[in-house]
Amino acid sequence: MTQSDKRESNPKAPLRRRRWLKRAVVAGMVLLLLALVLDRVFPLPLPDPDRGSTVVVARDGSPLRAFADAEGIWRYPVPMEEVSPLYLEALVAYEDRWFWRHPGINPIAALRAFGQMIWNRRIVSGGSTLTMQVARILEPHSRSFGGKLRQSLRALQLEAHLSKREILELYLDYAPFGGTLQGVEAASWAYLGHSASRLSHAEAALLTVLPQAPSRLRPDREPEAARAARDKVLERMAALDVWTTEKVKDARIEPVVARSLKPPLSAALLARRLHQAQPRARRIETSIDIELQRSVEARVRNYLARLPERTSAALLVIDNDDLSAQAYVGSAMFADEARLGHVDMVRAWRSPGSTLKPFLYGMAIDDGLIHSESLLVDAPQSFGSYRPGNFDLAFNGPVGAAEALRLSLNIPAVDLLDRVGPARFSARLANTGLQLQLPRGVQPNLSIILGGAGARMEDLVGAYAAFNRKGIGGTVRFSAQDPHIERRVLSEGAAWIIREILEANPRPGYRADTFDTGSRPRVAWKTGTSYGFRDAWAIGGTRQYTVAVWIGRPDGTPMPGQYGAVTALPLMFQVVDSLPRSALYAVPESAPAGVTEREICWPLGLAFDAAHPELCQQKMDAWVLDDVLPPTLPERDAGNWSSGIVSVRIDANSGKRLSLGCSASEVREISIPRWPSLAYPWLSKSQRQRSSLPPLAARCSDDGLEGMQALRIDGIADRTSVARAPNSDKPAIVRLRALGVSGDVSWLVNGRLQASTSGSQSWELPFPETGEQTITAMTNGGRWAQVRVNVLR
């Protein structure tokens, strides 16, 4: 019988096949519908991307600090490309060779596991694929048949929703590795001390097997068990020809050495700051150089051992090229309660001391008020009700602008700010990003230049970078994602001049003409100390980096004897000298367009005039901006005398001065350069003579040029010798007063301020030391008197 005859004899066969096919299709649709319903009713328990642990990493991926999730789990999310291929090879080959092909479950492995369970009446092997392991990680269950069935269904569900890559990355981030560690990256850093991207064959095999029994195989507790399990993976890799026998043999020699589990804690306060700003981010990348960060933190810890108790420190290093932070130390010891280690002093408002002075001098240069060697006067002065003094209570008299800035003299700085205007100065700083904080209701005043306002380290560093960035500062950046905000602080020329001034300041204990400092980078540096020794600052910049150091107590209590130059500056130089150096920055930088070097003369501050050499008493080489040569600043309160040129007529024969209406057979007109009145006590005898008026001719009426009433010191005569009483250990004491004055008088002994009196008020001066002592009395208008005393005993 042919097939045709059979079909004719059984006409219902095709109908039955169609019926079965229809039933199959319906059943498939029902199963598909049921799967869809179950998928909606029982959605995948995927991790919430906005919840979980967070890791803050350095620019090379090294973890700085990790923040555990609500369950205390440490996890460092990592994409598959940043995991060593050796680990991926070992993981897939050892755990699930068919991972890239199966639909979530491996039927052959599942049937084998089911048969072993029937035969042994217990689960012998799981037959779990990597997808099934991910399903169990996401939704833990018991090792029962029901649990295994649910795991298999979840695996199918995972494959339906996610790609193989996404499933594998879930395993890489959530696989258990012992203790509170999850994920291969966290395990690699915790146990091995480096990223999972740098695993050796032996390390890859070790991390592959750890999730099978994370507690039993922890290498920090059970190194022998961990090694045996690792070697089993290595043998499998050789047997499957995934790795060569030679590589496996070398890997077996490598010992299992694991570090004790300790969460990373570098740049802890920066990490906290960024985590608070991005609480939902699971991985936060920073610009920090991990090696430099660790080195700087160690330096700070060691350095603080020599300082008083409860002292803290902050340090910030930025790259001038892009203003990115390279090292960030917010406090000396993060966990030290006595030092208030939880307070981030990089962000704290503190008195900046004298660190604002370079900006003031730069602005004065830009404004055409001064050049680098303009004559300023460091002498006791009152600015209304404000009477500042120098840090060491000494005064220097006439001083160039560059030297006044290098010595951080207070009086010249306050005098400059009085001319620039404190409100304008504060506003210009704010426009550059350097905000100053003043008490509520207080307007900018002259004290801000000496630290009478609050500032933040990161703002100071962003502004100081301008000295090595052609006058352009900006906001410090802590990650590549931070916006690049730049602002002009000074003109390129003014910034260059200020940098030259600060770089010419020798390091403490060094002299440029004695020590070879060629191996060290040139640093434009400035220190600062706040009132009451509460803040010690040192800020310095090289062509490549800007470094700031603050030392003090976060609660603001004083540290007597600790100030910028002796406390913060040595640490700053240690850090600067440890920074990497590029050959690009070793070549000296020439002056920019608009900056020239000119020979100027004191006391007028103008260029040397060969036609009038008598007007030049002291020559100086000055940096000048745009060929502007501003004269010496006029005195604010000079009485009858003022600086500048005084022109008088003299009798050519006698050399005496002639007043108006007084004549001689031969009359000649001369010009006399005058020093600022407040500078006269510090002038040499020849300088005073060259700036003095010729005596008035006897036959001439008073011309008013000598109308100032003489000031005299009463109580001791010039060139007097004094000694303590015989058989007495008490020093000799004299009572002094100023005669011929009604206003305030400043009393200096050897250039140091000792007392202030009003009118003819008297005061007592002891002489505890032997030798010559110079006593000077000065008024605010520049009148002065001086006596010299020889103390015998």
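Everything below is about the structure shown above.
What comes next is a walk through the structure. (Residues numbered from 1 in each chain as written. Predicted model: local features only at pLDDT ≥ 70, side-chain atom pairs only at ≥ 80, totals over all residues. Heavy atoms only, no water.)

**A short note on the state of the cysteines**
Step number 1: A full pass over the atoms with the stated rule returns two disulfides.
Step number 2: In this model, C601 is linked to C616 through a disulfide, with the two sulfur atoms separated by 2.1 Å. Between C601 and C616, the S-S torsion sits near -85°, and that sign places the bridge as left-handed. Taken together, the positions of C601 in strand β15 (residues 595-602) and C616 in the loop between β16 (606-607) and β17 (618-625) put the pair 15 residues apart, joining distant regions of the chain.
Step number 3: C662 shares a disulfide with C700; S-S distance 1.9 Å. Across the disulfide from C662 to C700, rotation about the S-S bond amounts to roughly -65°, and the bridge is consequently left-handed. (Disulfide = S-S within 2.5 Å. Helix = DSSP H or I, 4+ residues; strand = E, 2+ residues; numbered from the N terminus.)

**Re the pairing of strand β23 (residues 732-739)**
Step number 1: The pairing of strand β21 (residues 712-714) with β23 spans three bridges and is antiparallel. Paired with I713 across the two strands is A738, which belongs to β23.
Step number 2: When β23 meets strand β26 (residues 763-767), the two strands line up antiparallel, connected through five bridges. Looking at β26, one finds that A732 is bridged to F767. (Pairing = 2+ DSSP bridges.)

**Some details on helix α14 (residues 357-366)**
Three- or four-residue spacings in an α-helix give side chains the same orientation, since the helix completes a turn every 3.6 residues.
Step number 1: The element α14 is extensively covered by neighbouring structure, given that nine of its ten residues are classed as buried.
Step number 2: Of all the positions in α14, only K357, P358, F359, L360, Y361, G362, M363, A364 and I365 are classed as buried.
Step number 3: Where α14 terminates, the next one or two residues include G368, which has phi positive at roughly 75°. (Buried < 20%, exposed > 50% of the residue type's maximum accessible area, 1.4 Å probe, protein only.)

**Regarding a positive patch on the surface**
Step number 1: Residues R16, R17, R18, R19 and R23 make up a contiguous surface patch of positive charge.
Step number 2: In this fold, R23 is placed in helix α2 (residues 13-41).
Step number 3: When its relative accessible area of 45% is taken as the criterion, R23 is described as partly exposed. (Patch = residues over 30% accessible without salt bridge, like charges linked within 9 Å, V, L, I, M, F, W, Y side chains within 5 Å. Areas by Shrake-Rupley, 256 points an atom, 1.4 Å probe, with all protein chains shown as cover. Salt bridge = Lys/Arg side-chain N within 4 Å of Asp/Glu carboxyl O. Lys, Arg positive; Asp, Glu negative; His and termini not counted. Charge placed at Lys NZ, Arg CZ, Asp CG, Glu CD.)

**Some thoughts on unusual backbone geometry**
Step number 1: In this model, W602 is joined to P603 through a cis peptide bond whose omega is 10°.
Step number 2: Among the structural elements, P603 can be located in the loop between β15 and β16.
Step number 3: Of note in the backbone geometry, S408 takes a positive phi value of approximately 55° without being a glycine.
Step number 4: Inspection of the secondary structure assignment puts S408 in the loop between α15 (401-406) and α16 (410-420).
Step number 5: Positive phi values are uncommon outside glycine, yet N727 reaches one of about 60°.
Step number 6: When you line up the elements, N727 lands in the loop between β22 (720-722) and β23.

**Comments concerning the sheet that holds strand β20 (residues 667-674)**
Step number 1: Strand order in this open sheet of three strands is β19-β18-β20, and the pairing throughout is antiparallel. One side of each edge strand has no neighbouring strand; the edge strands of this open sheet are β19 (657-658) and β20.
Step number 2: As paired elements, strand β18 (residues 644-651) and β20 share eight bridges and run antiparallel to each other. Along β20, the bridge assignment pairs S647 with S671.

**Side note on a nonpolar patch on the surface**
Step number 1: Residues L21, V25 and M29 make up a contiguous nonpolar surface patch of roughly 320 Å² in combined accessible area.
Step number 2: Within the secondary structure, M29 sits in helix α2.

**Considerations on the sheet that holds β23**
Step number 1: The antiparallel open sheet is built from three strands, whose spatial order is β21-β23-β26. In this open sheet, the two strands that pair with only one neighbour each are β21 and β26. Going from strand to strand, the sheet's axes swing by 40° on average, the running direction of each strand aside. (Axes fitted to C-alpha atoms, helices over the stretch in contact; angles between N-to-C directions.)

**Here we look at the packing of helix α3 (residues 85-95) against helix α9 (residues 201-209)**
Angle between the axes and distance between the axes are the two parameters that describe a pair of packed helices.
Step number 1: Between α3 and α9, the shortest axis-to-axis distance is 9 Å and the interhelical angle comes to 45°. Judged on the interaxial angle alone, α9 and α3 are oblique. Every pair of crossing elements has a handedness; the one defined by α3 and α9 is right-handed. In this structure, α3 uses L86, Y87, A90, L91, Y94 and E95 to contact α9, whose residues at the interface are H201, A204, L207, T208 and V209.
Step number 2: Grouping the amino acids of the contact of α3 with α9 by side-chain chemistry returns eight nonpolar, two polar and one charged. (Parallel < 35°, antiparallel > 145°, perpendicular 65-115°, else oblique. Left-handed = near helix turned anticlockwise from the far one by under 90°. Contact = heavy atoms within 4.5 Å. Nonpolar A, V, L, I, M, F, W, Y, C, P; charged D, E, K, R; others polar.)

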